[in-house]
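Residues per chain, in single letters:
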Amino acid sequence: MIVGIGVDLVDIPRFERTIERTPKLLERLFTPHERELPLHSLAARYAAKEALIKALGGSDGVHWDEIEIARLGDSQPPLFSLSGSTAAVVAARGITTLHLSLSHDAGLAIAYVTAEGDGGPAVVDAVGAEYVPAEDEAALLDVPEPMDPEEPR
């Protein structure tokens, strides 16, 4: 079951100018292994991390340096390698598989993420910071049962 999708587009020259102006962003946004890559590859990885956050529905508990986009070879698709609280957030939302597609051309980098899970999406109880399965969402939100169209009003 698809739990979330996310897409992000990055203007590579603009990304490169930003990194040149603020080189410390490299340490904040990328793992040591990723920092060895050329800037156009980093732009695609930045898009992937943004797309992941969108697929998750937000960035609570997600840290940029706990998300690494790895490649096992030229003929293999890119993969997310998650650690720390970011991995915990993904697991708590019932996500079991993340699909990632990256591309860059004509000065643009794009990433598309599909998050799959077996339990469906979860909602967050903001007071208790507790994850609740989607089937319990109505109870959590105190939503009344839908009216029976056969029943008089």
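Residues numbered from 1 in each chain as written. Predicted model: local features only at pLDDT ≥ 70, side-chain atom pairs only at ≥ 80, totals over all residues. Heavy atoms only, no water.

A. The arrangement of the pairing of strand E2 (residues 67-70) in detail. Where burial is concerned, the two faces of E2 agree: the one with Ile67 and Ile69 and the one with Glu68 and Ala70 are both buried. Note that E2 and strand E3 (residues 79-82) share 4 bridges and pair antiparallel. Its bridge partner lying in E3, Ile67 is registered against Leu82. (Buried < 20%, exposed > 50% of the residue type's maximum accessible area, 1.4 Å probe, protein only. Helix = DSSP H or I, 4+ residues; strand = E, 2+ residues; numbered from the N terminus. Pairing = 2+ DSSP bridges.)

B. Focus on the pattern of salt bridges. As enumerated under the stated definition, the model contains 2 salt bridges in all. Asp8 is paired through a salt bridge with Lys54; the nearest N and O atoms lie 2.8 Å apart. Taken together, the residues Asp8 in strand E1 (residues 2-11) and Lys54 in helix H3 (residues 39-56) connect sequence positions 46 residues apart. Classification of Asp8 as buried rests on a relative accessible area of 12%. A salt bridge links Glu34 to Lys49, with the nearest nitrogen and oxygen atoms 2.9 Å apart. A residue pair is termed long-range when its members are at least 10 positions apart, and Glu34 in the loop between helix H2 (25-29) and H3 and Lys49 in helix H3 qualify at 15 residues. Among the residues examined, Glu34 registers a relative accessible area of 0% and is labelled buried. (Salt bridge = Lys/Arg side-chain N within 4 Å of Asp/Glu carboxyl O.)

C. The confidence of the model for the protein, seen in detail. Mean pLDDT over the protein: 83, with 77% of residues reaching 70 or higher. Looking over the protein, one finds the lowest element-wise mean pLDDT in helix H5 (residues 137-141), namely 43, and the highest in helix H1 (residues 12-21), namely 97. (pLDDT = per-residue confidence, 0-100.)

D. Broad picture of the packing of H1 against H3. In contact at an axis separation of 9 Å, H1 and H3 are set at 100° when each is read in the N-to-C sense. By the angle between their axes, H1 is roughly perpendicular relative to H3. Packed against H1, whose contacting residues are Ile12, Phe15, Glu16 and Ile19, the element H3 presents Leu39, His40, Leu42, Ala43 and Tyr46 at the interface. Residues belonging to the contact of H1 with H3 are distributed by class as follows: 7 nonpolar, 1 polar and 1 charged. (Axes fitted to C-alpha atoms, helices over the stretch in contact; angles between N-to-C directions. Parallel < 35°, antiparallel > 145°, perpendicular 65-115°, else oblique. Contact = heavy atoms within 4.5 Å. Nonpolar A, V, L, I, M, F, W, Y, C, P; charged D, E, K, R; others polar.)

E. Local environment of the packing of aromatic side chains. On inspection of all chains with the given rule, the structure shows 3 aromatic pairs. Ring geometry for Phe15 versus Phe30: centroids 6.3 Å apart, planes at 85°, classification edge-to-face. You can see Phe15 sitting in helix H1 and its partner Phe30 sitting in the loop between H2 and H3, a full 15 residues away along the chain. Like Phe15, the residue Phe30 is buried in the burial classification. With a relative accessible area of 9%, Phe15 lands in the buried category. (Phe/Tyr/Trp six-rings, centres within 6.5 Å; stacked < 30°, edge-to-face > 60°.)

F. Molecular detail of a nonpolar patch on the surface. On the surface, a nonpolar cluster with roughly 620 Å² of combined accessible area is contributed by Ile2, Ile5, Val7, Leu9, Leu108, Ile110 and Tyr112. Where the nonpolar patch is concerned, the elements lending two or more residues are E1 and strand E5 (108-117). Looking at the nonpolar patch element by element, the count peaks at 4 residues for E1. (Patch = residues over 30% accessible without salt bridge, like charges linked within 9 Å, V, L, I, M, F, W, Y side chains within 5 Å. Areas by Shrake-Rupley, 256 points an atom, 1.4 Å probe, with all protein chains shown as cover.)

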